[in-house]
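Overview (structure and organization)
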Amino acid sequence: MASGIGYRGTNRCFPFWEDFQQCYFSSKLPSRSDCIAPRDDYMECLHHFKEIARVRTIQAVERDNYMKEKANGTDHKIISLESGGGSS
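Residues numbered from 1 in each chain as written. Predicted model: local features only at pLDDT ≥ 70, side-chain atom pairs only at ≥ 80, totals over all residues. Heavy atoms only, no water.

Our next topic: the overall build of the protein. Assigned secondary structure in the protein consists of three helices and two strands. Counting across all 88 residues of the protein, residues that qualify as buried make up 14%. Expressed as a percentage of contacts within the protein between residues at least 6 apart in sequence, the contacts between residues at least 24 apart total 24%. When the accessible area of the protein is evaluated, it comes to approximately 7,200 Å², of which 55% is carbon and sulfur surface. (Helix = DSSP H or I, 4+ residues; strand = E, 2+ residues; numbered from the N terminus. Buried < 20%, exposed > 50% of the residue type's maximum accessible area, 1.4 Å probe, protein only. Contact = heavy atoms within 4.5 Å. Areas by Shrake-Rupley, 256 points an atom, 1.4 Å probe, with all protein chains shown as cover.)

We now examine the environment of Asn11. Along the chain, Asn11 turns up in the loop between β2 (9–10) and α1 (14–26). A distance of 3.1 Å separates a polar side-chain atom of Asn11 from the backbone nitrogen of Cys13. Only 2.8 Å separates the side chain of Asn11 from the backbone nitrogen of Phe14, close enough to count as a polar contact. (Polar contact = N/O pair within 3.5 Å; in protein donor to acceptor, adjacent residues only side chain to side chain.)

The final tally for this structure, using the stated rule, is two disulfides. With a sulfur-sulfur separation of 2.1 Å, Cys13 is cross-linked through a disulfide to Cys45. Every disulfide takes its handedness from the sign of the S-S torsion; for Cys13 and Cys45 that torsion is -95°, giving left-handed. Placement of Cys13 in the loop between β2 and α1 and of Cys45 in helix α2 (residues 36–47) is noted, with a sequence separation of 32 residues between them. (Disulfide = S-S within 2.5 Å.)

This next bit is on the pattern of salt bridges. A full pass over the atoms with the stated rule returns one salt bridge. Note that Arg39 and Asp40 form a salt bridge whose closest N and O atoms lie 3.3 Å from each other. By relative accessible area, Asp40 is classed as partly exposed at 31%. (Salt bridge = Lys/Arg side-chain N within 4 Å of Asp/Glu carboxyl O.)

For the rest of this paragraph, the subject is unusual backbone geometry. The backbone phi angle of Arg32 is positive, close to 60°, even though this residue is not glycine. Following the sequence through the fold, Arg32 ends up in the loop between α1 and α2. You will see that His48, though not glycine, has its phi angle at about 60°, which is positive. In this fold, His48 is placed in the loop between α2 and α3 (49–72). Note on His48: relative accessible area 28%, which makes it partly exposed.

So far we have only geometry, and geometry alone does not tell us how the molecule works.
Printed below as a string of structure tokens:
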């Protein structure tokens, strides 16, 4: 990883990288297994795997609720999680 400091200051994941790096170099275990949590935090900051999975789960539940309500003949709106923020 680069230094984490650019022309606009530090990037959003740099503090997580520092925590992981500090844990990694101070670890007494050869497998570095005590650094799993800081590594996972850093990877989540970079890629948002857990956040994306949670949004998809919420959207699936909303879609199921919509289909059930539509089958019953009642009005149910799907919540839009897009940047627009409106409902469709």
